[in-house]
Amino acid sequence: MNTFQDSQVLPDDPRYPALVRGFNQRWVGTPQLVEVCGDAQKVLETVQYAVDNGLRITARGGGHCYENFVSGNHGGVIIDLSPLNAVYKRDDGLYCFEGGCTLWNVYTQLFKEYGKTFPGGSCYSVGAGGHIIGGGYGLLSRLHGLVIDYLHAVEVIHVNEDKKAELITVSADSPSEDERRLFWAHQGGGGGNFGIVTKFLFKDLPEAPSEAYLATMAWEWSDMTQDLFTELINKYGAFLKENSRPGSEYAGLFALLHLTQRAAEQIVLTIQYVGKEPALLDKFMAYMQLSGLTHVAQRVPVGYHHMVRNADTPRRMPWLEATQTLNGSGPNQRGKYKSAYMIDVFPQQQIDVMWDFLSTDKYSNSQALVQIDSYGCQINAVAPDATAIPQRSSIMKLQYQTYWTEPDEDQVNLDWINYFYLAMYGPKGPYPDGKLDGCYINYPDSDLENWQYLYYKENYPELQKVKQRWDPHNIFNHAQSIEMP
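The following refers to the structure shown.

Reading the values: the criteria
- Residues numbered from 1 in each chain as written.
- Predicted model: local features only at pLDDT ≥ 70, side-chain atom pairs only at ≥ 80, totals over all residues.
- Heavy atoms only, no water.
- Helix = DSSP H or I, 4+ residues; strand = E, 2+ residues; numbered from the N terminus.
- Buried < 20%, exposed > 50% of the residue type's maximum accessible area, 1.4 Å probe, protein only.
- Contact = heavy atoms within 4.5 Å.
- Pairing = 2+ DSSP bridges.

### Considerations on unusual backbone geometry
One can expect most non-glycine residues to show negative phi and most peptide bonds to be in trans.
Next, step 1: We note that Lys 163 has phi near 60 degrees; this positive angle belongs to a residue other than glycine.
Next, step 2: Within the secondary structure, Lys 163 sits in the loop between strand S7 (151-159) and strand S8 (165-171).
Next, step 3: Phi is positive for Glu 265, which is not a glycine, with a value near 80 degrees.
Next, step 4: With respect to the secondary-structure elements, Glu 265 resides in the loop between strand S11 (253-260) and strand S12 (266-273).
Next, step 5: We classify Glu 265 as partly exposed; its relative accessible area is 39%.

Laid out in structure tokens, this is it:
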């Protein structure tokens, strides 16, 4: 292992405490070593070393895994890809993102050098690798679809039947059906399942917008009644049901409704509009006005997003500046997360549950919320089995979040979010039923009982076959990794 000394981080190294934990401070690993890899050959050698010595492998990009799938490595090897972060256009016209890029690497390089973008998430420090493999989405997704809809090939290190690490490139055009299915599995199958991707190759990326409009509508919790809360949820859901078809004139509008816990003091609707008809943004904001309660300026942050200042009337700005304005990840804290896809408007029973858990005075946390993102439009122009992400008919995506700092606060916060989710969906979770459509693999939740179907629906058996073919010894695994058939 002498060749690894320069990049090897052992427990007595001053870098070790920072590199064995991620964004969610609940999870701190105790690996035998962290290997910081700046090229694919180093990753290959490290994987082989771990396999030869029977050590569990986890790969770290931005460190934003919500559960302990990466940092929860005890006695194994964490492969840190962060130096592997170049973004460039190849001679064949494909755009290459190396496996350790963060989203902000990608946005700034694509925009400044090529005038391009991709429809990824709004948290700057999220690793692009895990984001892409899990079928990432963001504020341009209603207009342009998911990031995987532009993915053309991946360079991936897997371990074969002879327990030898191999570096291969697979694409939508690979001559082998097995290779094409491995590529398909990387279009939403989730990270940590089949190998470690060292390069992502994209084709026909969309042109970056020149400008964007940002706006916020905030309502004081002190003025909010249950009837007004119900009106807000009903209006939001009805608008998205009516305006989330592929080709909708509202495809350039992406909204995030932050239904905060009362301690946050405000409920906030954040809106980005990218398009040629800004009057549509005005129309949407007029539609979202509540009966007898005027919206006010946002004055408090919500969730992990930066606060958008002075945007109670729309602000016009360069698109990259708008992206940076919303480009927050929040402080590294302890956290718990859950998710759900919605195909239809909220039933009244669910609205009542949200009111009960968000307005209660028995739990007080200004960083607890349900964030309801707009969805659909171009996302839903793709068939459910064309990629590994099957949720291609939803109009909303929900992220339940709660954050705190001290370990002795774990139970009260976990109880709140767990009972909230149970009251919303029952023990089966948001099981696909025509209104609900399961859960999002990039918001992993280790509490889910039927996670296989909730994440992947009918695509799961095919993912199992890919797993058996390309990772026959289950080298790449975690608590919710694809299982052998």
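### Examining the environment of Met 317
Next, step 1: Tracing the sequence through the fold places Met 317 in strand S13 (residues 315-318).
Next, step 2: Look at Met 317 and you get buried, because its relative accessible area is 4%.
Next, step 3: In the structure, Met 317 is positioned 105 residues away from Ala 212 in sequence and 5.7 Å away in space, judged by C-alpha atoms.
Next, step 4: Not counting the four nearest positions on each side in its chain, Met 317 is found in contact with Glu 211, Ala 212, Leu 214, Ala 322 and Thr 325.

### Describing the pairing of strand S10 (residues 211-220)
Next, step 1: For S10, a buried count of 9 out of 10 residues is recorded, marking the element as mostly surrounded by other parts of the structure.
Next, step 2: Across 4 bridges, the pairing between S10 and S13 is antiparallel. In the strand pairing of S13, Glu 211 is matched with Pro 318.
Next, step 3: Sheet topology places S10 next to S12; 8 bridges connect them, and they run antiparallel. Bridge assignment links Leu 214 to a residue of S12, and that residue is Gln 272.

### A word on the environment of Glu 45
Next, step 1: Inspection of the secondary structure assignment puts Glu 45 in helix H2 (residues 40-52).
Next, step 2: Judged by relative accessible area, Glu 45 falls into the partly exposed class, the value being 30%.
Next, step 3: Through-space distance from the C-alpha of Glu 45 to that of Met 396 is 43 Å; in sequence the pair is 351 residues apart.

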